[in-house]
Amino acid sequence: MKKEDITNISLEELTNRVNSSQEQLAKMKLSHSVSPIENPLQIRGLRKNIARLKTELTKRETQI
């Protein structure tokens, strides 16, 4: 997800995406530990995406 996409999302949608991404990351880590997934770089990308979402969430909370 690009920064421009994240800035256009509503606050409620932003929190929903953070939660769903964190759940997806936990599932990917578990499946990778059981049997290696085809592209382990997906884990890194998802982790960075969560960080971007959380950064935008923090930015909006400090503006209020």
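Just above sits the structure.
What comes next concerns the included structure. Per chain, the residues get numbers from 1 upward, laid out in the order the sequence is written. The predicted origin of the model limits local features to residues at a pLDDT of at least 70 and limits the giving and counting of side-chain atom pairs to 80 or more, whereas totals for whole chains, interfaces and linings rest on all residues. Only hydrogens and water are removed before side-chain values are computed, so all heavy atoms of the structure are retained for them.

1. Quick word on the pattern of salt bridges
Part 1 of the argument: Any Lys or Arg side-chain nitrogen found within 4 Å of a carboxyl oxygen on Asp or Glu counts as a salt bridge. Under the criterion given, the structure shown has 2 salt bridges.
Part 2 of the argument: A salt bridge links Glu13 to Arg17; the nearest nitrogen and oxygen atoms lie 3.1 Å apart. In this pair, Glu13 and Arg17 are both assigned in helix α2 (residues 11–34), 4 residues apart and thus about one turn of the helix distant.
Part 3 of the argument: You can call Glu13 partly exposed: its relative accessible area is 33%.
Part 4 of the argument: Of the charged contacts in the structure, one is a salt bridge between Glu56 and Arg60, with a shortest N-O distance of 3.0 Å. One end of the pair, Glu56, and the other, Arg60, are both in helix α3 (residues 41–63), 4 residues apart, so they sit about a helical turn from each other. The same class applies to Glu56 and to Arg60, which are both buried. Helix and strand assignments follow DSSP, with helices taken as H or I runs no shorter than four residues and strands as E runs no shorter than two, numbered in order from the N terminus. With a 1.4 Å probe rolled over the protein chains alone, any residue whose accessible area is under 20% of its type maximum counts as buried; one over 50% counts as exposed, and the rest are partly exposed.

2. Structural notes on the environment of Val34
Part 1 of the argument: By the secondary structure assignment, Val34 is in helix α2.
Part 2 of the argument: In sequence terms Val34 and Val18 are 16 residues apart; their C-alpha atoms lie 25 Å from each other.

3. Focus: α3
Part 1 of the argument: Multiplying 1.5 Å by the helix residue count minus one yields the expected span of that helix. Counted at 1.5 Å a residue, the expected span for α3 with its 23 residues is 33 Å, and the 34 Å between its end C-alpha atoms agrees.
Part 2 of the argument: Those residues of α3 that sit buried are Ile43, Leu46, Asn49, Ile50, Leu53, Glu56, Leu57 and Arg60.
Part 3 of the argument: Buried residues along α3 sit in contact with α1 (3–7) and α2. Contacts are assigned to residue pairs with any non-hydrogen atoms lying within 4.5 Å of each other.

4. A word on the packing of α2 against α3
Part 1 of the argument: With axes taken as lines fitted to C-alpha atoms, and helix axes fitted only over the stretch in contact, angles between N-to-C directions fall between 0 and 180 degrees. Taken N-terminus to C-terminus, the directions of α2 and α3 make an angle of 155°; their axes are 9 Å apart at the nearest point. Here α3 runs roughly antiparallel to α2, going by the angle between their axes. In this structure, α2 meets α3 at a crossing whose hand is left-handed. Here α2 contributes Leu11, Leu14, Thr15, Arg17, Val18, Ser21, Gln22, Gln24, Leu25, Met28 and His32 to the contact with α3, which in turn contributes Gln42, Ile43, Leu46, Arg47, Ile50, Leu53, Lys54, Glu56, Leu57 and Arg60. Reported orientations rely on four angle classes, namely roughly parallel under 35 degrees, roughly antiparallel over 145, roughly perpendicular from 65 to 115, and oblique for the rest. Left-handed describes a crossing whose near helix is turned anticlockwise from the far helix by less than a right angle; the clockwise case is right-handed.

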